[in-house]
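# Observations on the three-dimensional arrangement
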Amino acid sequence: MSGHSENPETVDSKRRKLMVSAVVASLAGAGLNLVELAMAKTSSEATSKLVRWGLLIDTQKCGNGCDACVSACNTEHNLEDLGRPETDAQWIRKIDLVDEQTSHVDSLPMLCQHCENPPCVDVCPTGASFRRDDGIVLVDKHTCIGCRYCMIACPYKARSFVHESLTNQRSWSPRGKGVVESCTFCTHRVDVGRTPACVEACHVEGGGAMTFGDMMNPDSEISLSLKNEPSRQIREDLKLNTGVRYRNV
Amino acid sequence: MMFLTSVSSADWLDIPRGKGDTCIEPAEIMRKQHMQFLFHDRDLTMREGDRSIRHSLVDCVECHTQTSQQQEAIPINGSGQFCSVCHEAVSVKIDCFSCHAAVPDNLPGYSGSMSAILPGSVNAMMKKWAVIP
């Protein structure tokens, strides 16, 4: 991405945004279904509360030995294998859920669940852990002091701390020593209308188990699946209202 | 022979020139205010997902990185390089490049490495999910 100069398109899309809100306002009076107007933003727009990004994972389609999502994530963000599994950063990992009664094993990817009520945000002393308007939970590494409270608070063990100096970072995924990090739902892609790297890989190389989309839009594929078929949140007892849902667990 | 008053404070440093004719703001404004611009726009991307910021650190690196005789990009924060000349002179230390790439990224960044090889059907599905207006 280069040459981010002020261009007419920027101005136009800002105008369009204004117009959309005007339309919303006028339709609200008419009592029509408004949610359909929620749509993905263009690159210059701010995230919107009318959108909530979510991910539905069908564990039946998620292959036992398949780690296409994991390696795609590692490549996209250059999460290098430093040979120290105890501390190496991990934004998405494959885990086996074992039913204690039947010994049935489900293999599924575990990642930041992008909770509506994220415990990591509650405990963060600096405000570095935060939730974007569109539901994506992030670490603002510019304000993170590396205290790691959030790592302890997260019931999903979804966050990593960077213990060592890094090199060869990707321009779209700055990473460095001394701060906490986790899955970003690939904001750098989603913000410009693309799907996260893991989801892409799951459809190209894996079992096509992942559906990504806007859970606030009733007509989106993810909303329809969530409506028509049973799905679960992991640790639903915690009432975190996760943005990542699972089928067939 | 120049009058000292007309000499900008940067003229005695050997600052490598950026690509193109002009910076994103007039050079004399950039010299003084680049840090404010960067901090301001950083929060727009980080907090609000605005991907069209004017003062993007990625863009500074695109335009201000020097190339070695072997045609390799020299890290922009290396000694004597663009983001270091002035800072060394005034004893400013920045940590931006402990995280941010200090050379331009040759891979097709925001367009991603995989989309090129995506089968048409998958590509269509991805587009549908994203629902770009």
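Presented here is a report on the structure given in the accompanying data block. Here the structure is a predicted model, which means the values were calculated and not measured. (Residues numbered from 1 in each chain as written. Chains lettered and ligands numbered in written order. Predicted model: local features only at pLDDT ≥ 70, side-chain atom pairs only at ≥ 80, totals over all residues. Heavy atoms only, no water.)

### Some thoughts on helix α3 (residues 82–90) of chain B
Because each turn of an α-helix spans 3.6 residues, side chains separated by three or four positions end up pointing in the same direction. Residue and element names in this part refer to chain B. Among the residues of α3, Cys83, Ser84, Val85 and His87 are the ones counted as buried. Tucked inside the fold, the buried residues of α3 contact α1 (27–48). Phi for Ser91, located one or two positions after α3, is positive at around 60°. (Buried < 20%, exposed > 50% of the residue type's maximum accessible area, 1.4 Å probe, protein only. Helix = DSSP H or I, 4+ residues; strand = E, 2+ residues; numbered from the N terminus. Contact = heavy atoms within 4.5 Å.)

### Focus on the packing of aromatic side chains
Residues and elements named next belong to chain A. Scanning the entire structure with this criterion turns up two aromatic pairs over all chains. When the centroid spacing of 5.3 Å and the interplanar angle of 10° are considered together, the rings of Trp53 and Phe212 count as stacked. With Trp53 in strand β1 (residues 53–58) and Phe212 in strand β8 (residues 210–214), the pair connects residues that are 159 residues apart, well separated along the chain. A relative accessible area of 5% places Trp53 in the buried class. Overall, the relative accessible area of 2% leaves Phe212 in the buried class. Relative to Phe212, the ring of Phe185 has its centre 5.3 Å away and its plane inclined at 90°; by these criteria the two rings are edge-to-face. Of the two residues, Phe185 is situated in the loop between β7 (180–181) and α5 (187–190) and Phe212 in strand β8; the sequence distance between them amounts to 27 residues. (Phe/Tyr/Trp six-rings, centres within 6.5 Å; stacked < 30°, edge-to-face > 60°.)

### Things to note about the pairing of strand β9 (residues 244–247) of chain A
Residue and element names in this part refer to chain A. Side chains of β9 alternate between two faces, with Val244 and Tyr246 and Arg245 and Arg247 buried alike. One ladder, built from four bridges, connects β1 with β9; its direction is parallel. Paired with Leu56 across the two strands is Arg245, which belongs to β9. (Pairing = 2+ DSSP bridges.)

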